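Given next are the chains, with one letter for each unit.
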Amino acid sequence: MPEIPETMDAQVVREHGDPDAFEPATLDVPEPEANEVLVEVAATSVNPVDTKIRSGAAADLGPDAPAVLHGDLAGTVVAVGAGVERFDVGDEVYGCPGGVAGTTGALAEYAAADAATLAHKPDALSMREAAALPLVSITAWDGLVTRAGVEPGDDVLVHGGSGGVGHVGVQLAALEGGVVHATASTAEKRALARDIGADVAFDYHRDVADYVEEYTGGDGFDVVFDTVGAGADNIEPSLEAAALKGRVVATVSRGEASLDAVHSKGLSFDTVFMLIPLLHGDHAGRVRHGEILERVASLADAGKLAPVLDDTDYALSDVSEAHRRLESGEHVGKVTVRVE
Ligand SMILES: NC(=O)c1ccc[n+]([C@@H]2O[C@H](COP(=O)([O-])OP(=O)(O)OC[C@H]3O[C@@H](n4cnc5c(N)ncnc54)[C@H](OP(=O)(O)O)[C@@H]3O)[C@@H](O)[C@H]2O)c1
């Protein structure tokens, strides 16, 4: 193992703003505290929450300035803090340990990470591929497996089936035995959703009653996973698409939406907010994240689940461009950043 330097390259945000808010910085390499490991970061990926923290739209979720952003990472353990038993120096790991208030992020050559949040990197995936998975996989797992409890034969609707969360959601819903319906805005994105396991893919601009009739004979979907993230704007269409006693799970439910359909159809309505264990120091929640990622790694190594990477390739110094790409909405799958 090469010696750990005293300083490292990083990209930091001192003031919220557009993607050019990033600036290069030289920071001290952190020392891993008890229950932490020091990871030499090989890759990270961009999640919408990273762009919202950078822009100031979710400033309250971000680390103090100069802020090292980005939760997702894949890399190699180079030092182990007291009390860490699951990892040794040299282990390849992946996870979403930080980049939010009270933690440090992955846009740096090294990151000190709570070992509980990490898992062993799947051998079948490259560092970039592994870095694409943590935040979206934990979210999709919590939404579809833990909360909605997809069962074989369930009619499942995944909104945003080619997006970060949605493309893992499509794969997990299919693995659980659901009949998977995915929405996407373009023919290319719908083809991708079908390639990764959706039985049906259609344009989300269609009328809800129309697609509920076509794909469920008017009964509605047993499970609706709403990964749209337009505040509450898509909640009412998602509730409308659900069957009597259906389960609806959203990744963003801020704002106002009528819950009339929750009452009249006896729906369960749930929100996943995967940052809670990071923001609130919830150790049990962090352990769960590590466990979910170990299971996701097993699925990846068995060839049952894989990330789709956007057709772009950014270095740490190009992080502004990577954020622009995600914010353009033109990306397909995950936008990743090489740190090595
Ligand atoms: N609460 C949590 O724990 C959590 C975790 C992860 C993500 N999120 C939030 O969830 C949202 C999605 O994250 P992501 O990583 O999946 O982002 P992403 O990769 O940008 O994907 C967004 C997806 O939403 C789709 N979409 C946009 N408008 C839609 C509509 N009206 N109906 C159906 N689908 C629509 C897009 O489809 P097209 O590309 O075809 O337009 C795209 O597939 C973000 O707001 C993010 O902050 C929350």
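Residues numbered from 1 in each chain as written. Predicted model: local features only at pLDDT ≥ 70, side-chain atom pairs only at ≥ 80, totals over all residues. Heavy atoms only, no water.

In the annotation of an unreviewed UniProt entry, the entry for the protein chain reads Quinone oxidoreductase, and the organism field reads Halarchaeum grantii.

1. With respect to the overall build of the protein chain
The following threshold applies: Think of it this way: any DSSP run of H or I at least four residues long counts as a helix, any run of E at least two long counts as a strand, and we number them from the N terminus. We compute the radius of gyration from the C-alpha atoms alone; for a globule the expected value is 2.2 Å times N to the 0.38, where N is the number of residues. Think of it in three bands: residues with accessible area under 20% of the maximum for their type are buried, residues over 50% are exposed, and the middle band is partly exposed, with areas taken using a 1.4 Å probe on protein chains only. Pairs of residues are marked as contacts when any of their non-hydrogen atoms sit within 4.5 Å. All accessibility values rest on the Shrake-Rupley procedure with a 1.4 Å probe; residue burial counts only the protein chains present in the view. His is not counted, nor are the chain ends, whereas Lys and Arg count as positive and Asp and Glu as negative. Taken as the charge location is NZ of Lys, CZ of Arg, CG of Asp or CD of Glu.
Counting its secondary structure elements, the protein chain contains 11 helices and 15 strands. Taken against the 2.2 N^0.38 rule, which gives 20 Å for 340 residues, the C-alpha radius of gyration of the protein chain at 20 Å falls within 12% of a compact globule. Counting only C-alpha atoms and orienting by the principal axes, one finds that the protein chain spans roughly 65 × 40 × 35 Å. Each of the 340 residues in the protein chain was classed as buried or not, and the buried ones make up 56%. Of the contacts made within the protein chain by residues no fewer than 6 positions apart, 67% connect residues no fewer than 24 positions apart. For the protein chain, the accessible surface area stands at approximately 13,900 Å², while carbon and sulfur atoms represent 46% of it. Across the protein chain, the mean location of the 23 positive side-chain charges is 4 Å away from that of the 58 negative side-chain charges.

2. Some words on the packing of helix H3 (residues 134–147) against helix H10 (residues 283–301)
The criterion, for reference: Lines fitted to C-alpha atoms define the axes, with helix axes restricted to the stretch in contact, and inter-axis angles between N-to-C directions lie between 0 and 180 degrees. An angle below 35 degrees is treated as roughly parallel, one above 145 as roughly antiparallel, one from 65 to 115 as roughly perpendicular, and anything else as oblique. Under the scheme applied here, ten amino acids are nonpolar (Ala, Val, Leu, Ile, Met, Phe, Trp, Tyr, Cys and Pro), four are charged (Asp, Glu, Lys and Arg), and all others, including Gly, are polar.
Axis separation between H3 and H10 bottoms out at 10 Å; the angle between their running directions is 95°. As summarised for this structure, H3 and H10 are arranged roughly perpendicular, according to the angle between their axes. In contact with Pro 134, Ser 137, Ile 138, Trp 141, Asp 142 and Thr 146 of H3, H10 contributes Arg 288, His 289, Ile 292, Leu 293, Arg 295, Val 296 and Leu 299. Residues that form the contact of H3 with H10 fall into these classes: seven nonpolar, three polar and three charged.

3. Some thoughts on the pairing of strand S11 (residues 221–226)
Operational definition: Note on pairing: two strands pair once DSSP finds at least 2 bridges between them.
The element S11 is largely enclosed, with a buried count of five among its six residues. The sheet contact formed by strand S8 (residues 155–159) and S11 spans four bridges and is parallel. What sits directly across from His 159, in S11, is Asp 226. Relative to strand S12 (residues 242–250), S11 runs parallel, the two sharing five bridges.

4. Describing the pairing of strand S9 (residues 179–183)
Rule in force here: Seen with its strands pointing away from the viewer, a crossover is right-handed if its path from the first strand over the helix to the second goes clockwise.
Most of S9 is tucked away, with four of its five residues classed as buried. Direction of pairing for S8 relative to S9: parallel, over a ladder of four bridges. Directly across from Val 158, in S9, lies its bridge partner Ala 182. In this region the chain leaves S8, passes through helix H4 (residues 164–175) and returns to the parallel neighbour S9; the handedness of that crossover is right-handed. Across three bridges, the pairing between S9 and strand S10 (residues 200–202) is parallel. Within S10, the position partnered with His 181 by the bridge is Val 200. With respect to chirality, the unit in which S9 leads through helix H5 (residues 187–195) into the neighbouring parallel S10 is right-handed.

5. Remarks on the site of the ligand
Note the threshold: Nearness is defined per residue: one heavy atom within 4 Å of the molecule or strand is enough. Under the rule applied, a polar contact is a pair of N or O atoms within 3.5 Å (in protein, one hydrogen donor and one hydrogen acceptor; residues adjacent in sequence only if both atoms are side-chain atoms).
Taken together, 23 residues are adjacent to the ligand, and Ser 185, Lys 189, Tyr 204, Val 272 and Met 274 come closest. Separating an oxygen atom of the ligand from a side-chain N or O atom of Ser 185 is a distance of 2.7 Å. The side chain of Lys 189 places a nitrogen or oxygen atom 2.7 Å from an oxygen atom of the ligand. Calculation on the ligand without its partners gives an accessible area of 930 Å², and the protein chains cover 84% of this total. If you list the elements that add at least two residues to the shell around the ligand, you get helix H1 (48–55), H3 and H4.

6. Some words on the domain arrangement of the protein chain
What counts, and what does not: Segment limits for the domains were obtained from an automatic or database-derived domain assignment. A 1.4 Å probe defines the accessible area here, and the buried area is the portion of it lost by two parts on being joined, summed over both. We define a salt bridge as a side-chain nitrogen of Lys or Arg found within 4 Å of a carboxyl oxygen belonging to Asp or Glu.
You can read the domains of the protein chain as domain 1 (7–133 + 275–338) and domain 2 (136–271). Here the C-alpha centre of domain 2 lies 27 Å away from the C-alpha centre of domain 1. Each partner contributes residues to the interface: domain 1 has 20 residues there, and domain 2 has 17 residues. Between domain 1 and domain 2 lies a buried interface of about 1,700 Å² when both sides are counted; carbon and sulfur atoms form 66% of it. Ionic pairing is found between Arg 288 and Asp 142, a salt bridge with its closest N-O pair at 2.8 Å. Among the elements that take part in the side of domain 1 that touches domain 2, H10 stands out by supplying seven residues, more than any other.

7. A word on the pattern of salt bridges
Pairs may arise between side chains of opposite charge once their charged atoms sit close together. Per the stated rule, a full pass over the model turns up 18 salt bridges. Of the charged contacts in the structure, one is a salt bridge between Lys 121 and Glu 92, with a shortest N-O distance of 3.7 Å. Residue Lys 121 is located in the loop between strand S7 (118–120) and helix H2 (127–132), and its partner Glu 92 is located in strand S5 (residues 92–95); the two are separated by 29 residues in the primary sequence. As a salt-bridge pair, Arg 206 and Asp 210 come within 3.0 Å of each other at their nearest N and O atoms.

8. Points about H4
Rule in force here: One fewer than the residue count of a helix, multiplied by 1.5 Å, yields its expected span.
Taking 1.5 Å as the rise per residue, H4 with 12 residues should run 16 Å; its terminal C-alpha atoms sit 17 Å apart, in good agreement. Taking burial as the measure, the 12 residues of H4 include 10 buried ones, the bulk of the element. What H4 keeps buried is the set Gly 164, Val 165, Gly 166, His 167, Val 168, Gly 169, Val 170, Gln 171, Leu 172 and Ala 173. Its buried side turned inward, H4 meets H3, S8, S9, H5, S11 and H10. Just downstream of H4, Gly 177 is the residue with a positive phi angle, here 95°.

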